Amino acid sequence: MFGTLEALAQFSSSAGLRFRDPILLRTALTHRSYLNEHPDLDWEDNERLEYLGDAVLDFLLAEYLFLKLPNAAEGELTAMRAELVRRETLARFAAQLGIGGALFVGHGEAETGGRERP
């Protein structure tokens, strides 16, 4: 049931999240390899959302750390933010949420561990 609309619903439910726009969620979880194998679909892949999400996450973490640690120096805040947005840190969080099972990935990507790859 990987990479299906049912998997999206299961992911949302098990993560305790509600999404107002299921198409946006589907886009966020669609790897370009899936669309390469399904050219008939009128979907977008997640690359543009990934770009936006990186910027939003960076901003929100900067604000959070700035407010929570009023006496921290700029270099300390930068180091903490960098640690939180590292690929490995975000990959662990994604694994805890079970995002891999909801990803729409191409067959080759899935066969080479794309659902588990950071």
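Shown above is the structure to which this text applies.
From a predicted model like this one, the values you see are computed outputs, not experimental measurements. Residue positions are counted from 1 within each chain, in the order its sequence is given. The model is predicted, so local features are restricted to residues of pLDDT at least 70 and side-chain atom pairs to those at 80 or more, both for listing and for counting; the totals for chains, interfaces and linings are taken over all residues. Excluded from the side-chain calculation are hydrogens and water; included are all heavy atoms of the structure.

A.B. asks: What is the right way to read a nonpolar patch on the surface from this model?
C.D. replies: What makes a patch is a set of residues exposed beyond 30% relative accessible area and free of salt bridges, joined within 9 Å when like-charged and within 5 Å when nonpolar (Val, Leu, Ile, Met, Phe, Trp, Tyr). Computed with the Shrake-Rupley method and a 1.4 Å probe, the accessible areas treat only the protein chains shown as cover for residues. For salt bridges, the criterion is a side-chain nitrogen of Lys or Arg within 4 Å of an Asp or Glu carboxyl oxygen. Taken together, the side chains of Tyr51, Leu52, Val56, Phe59 and Leu60 make up a nonpolar region of the molecular surface, amounting to roughly 560 Å² of accessible area. Put simply, DSSP H or I for four residues or longer makes a helix, DSSP E for two residues or longer makes a strand, and each gets a number counted from the N terminus. Checked against the element boundaries, Phe59 lands in helix H4 (residues 47-68). Categorising residues by exposure relies on relative accessible area from a 1.4 Å probe, with only protein chains included: less than 20% of the type maximum marks a residue as buried, more than 50% marks it as exposed, and the intermediate range marks it as partly exposed. A relative accessible area of 55% means that Phe59 is categorised as exposed.

A.B. asks: I keep staring at the packing of aromatic side chains and nothing clicks. Help me out?
C.D. replies: The way to describe two aromatic rings as a pair is by their centre distance and the angle between their planes. Centre distance within 6.5 Å is the pairing criterion for rings of Phe, Tyr and Trp, where only the six-membered ring of Trp is used; planes under 30 degrees apart are then read as stacked, over 60 as edge-to-face, and the remainder as tilted. Under the criterion given, the structure shown has three aromatic pairs. Arranged with centres 5.7 Å apart and planes meeting at 25 degrees, the rings of Tyr34 and Trp43 form a pair that is stacked. Residue classification places Tyr34 among the buried residues on the basis of a relative accessible area of 14%. Connected via pairs of aromatic rings, a cluster forms that spans Tyr34, Trp43 and Phe104. The rule is short: NZ of Lys or CZ of Arg within 6 Å of the ring centre and within 35 degrees of the ring normal puts a charge over the ring. In this arrangement the basic side chain of Arg26 is found over the ring face of Trp43, its NZ or CZ atom lying 3.9 Å from the centre.

A.B. asks: It is not clear to me how the environment of Ile99 should be interpreted in this structure. Could you clarify?
C.D. replies: For Ile99, the position within the fold is in the loop between helix H6 (87-97) and helix H7 (107-111). A residue is classified by how much of its surface remains accessible, and Ile99, at 22% relative accessible area, is partly exposed. Expressed as a C-alpha distance, the spacing of Ile99 and Phe59, which sit 40 residues apart in the sequence, is 23 Å. Setting aside its immediate chain neighbours within four residues, Ile99 contacts Phe11, Leu29 and Ala94. Whether two residues are in contact is decided by their heavy atoms: any pair within 4.5 Å suffices.

A.B. asks: Would you take a moment to explain the side chain of Arg26 for this structure?
C.D. replies: By the secondary structure assignment, Arg26 is in helix H2 (residues 22-28). Buried and unpaired, Arg26 has no salt bridge, with Glu44 as the nearest side chain of opposite charge at 7.6 Å. Excluding residues within four positions of it along the chain, Arg26 makes contact with Leu5, Leu8, Trp43 and Phe104. Working convention for charge: Lys and Arg count positive, Asp and Glu count negative, and His plus the chain ends are omitted.

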